[in-house]
Amino acid sequence: MALPLAALRVLLGGFFALTGAAKLSEQLSPPTSERMKALFVQFAEVFPLKVFCYQPDPESYQAAVGWLELLAGLLLVLGPPVLQDISNLLLTLLMMGALFTLVSLKESLNTCIPAIVCLGLLLLLDICQALVQTKQVVRATRKTPGPR
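Residues numbered from 1 in each chain as written. Predicted model: local features only at pLDDT ≥ 70, side-chain atom pairs only at ≥ 80, totals over all residues. Heavy atoms only, no water.

As annotated in an unreviewed UniProt entry, the protein is Zinc finger MYM-type containing 6 from Equus caballus. Checking UniProt for the protein, the heading Sequence similarities (unreviewed entry) contains the comment "Belongs to the DoxX family." According to UniProt, the comment filed for the protein under the heading Subcellular location (unreviewed entry) is "Membrane". (UniProt positions renumbered as here; feature names shortened; annotations may be inferred.)

Here you go:
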């Protein structure tokens, strides 16, 4: 079970690191960069904290999401277990926000599918990690002798 979990963690981490880098660098793909700028203008319009009178600058919003994806993706691949868990949580929250944004914009299901798949895989990784840790704790308690 450890090898498939490690593979999933590396694939997800690499994916998020690349998408974060794409949001931060105009040089990777200029057409994609221009499209992202236009999308983040729309995303800022439906930002969840808008009800509290906070609407982010689209460029800052894009940069913040890009850095979060890049750093959390790298930590998911290369970080120690505690930081992997934290990065998984941050990416899960980010994907929930992405889904909220897409639903608020009334986007089609086809547009939402990548965010749904990423969220599902992050949750699967988190659940499997929790099961593995629980199994290890149960094994450790069985091996320790009880009081006499």
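Attention shifts here to unusual backbone geometry. One non-glycine residue with positive phi stands out, namely Cys 53, at about 65 degrees. Note on placement: Cys 53 falls in the loop between α2 (30-45) and α3 (58-78). On the accessibility criterion, Cys 53 (75% relative accessible area) is exposed. For Lys 106, which is not a glycine, the phi torsion comes out positive at approximately 55 degrees. Relative to the helices and strands, Lys 106 is located in the loop between α4 (81-104) and α5 (109-143). (Helix = DSSP H or I, 4+ residues; strand = E, 2+ residues; numbered from the N terminus. Buried < 20%, exposed > 50% of the residue type's maximum accessible area, 1.4 Å probe, protein only.)

We now examine the environment of Leu 119. Mapped onto the secondary structure, Leu 119 falls in helix α5. For the pair Leu 119 and Gln 55, spaced 64 residues apart in the sequence, the C-alpha separation amounts to 25 Å. Discounting residues that sit within four places of it in the chain, Leu 119 has contacts with Thr 92, Met 95, Met 96 and Leu 99. (Contact = heavy atoms within 4.5 Å.)

Next up on the list: the state of the cysteines. According to the stated counting rule, one finds zero disulfides in the structure shown. Not part of a disulfide, Cys 118 finds its nearest cysteine sulfur in Cys 112, a span of 12 Å. (Disulfide = S-S within 2.5 Å.)

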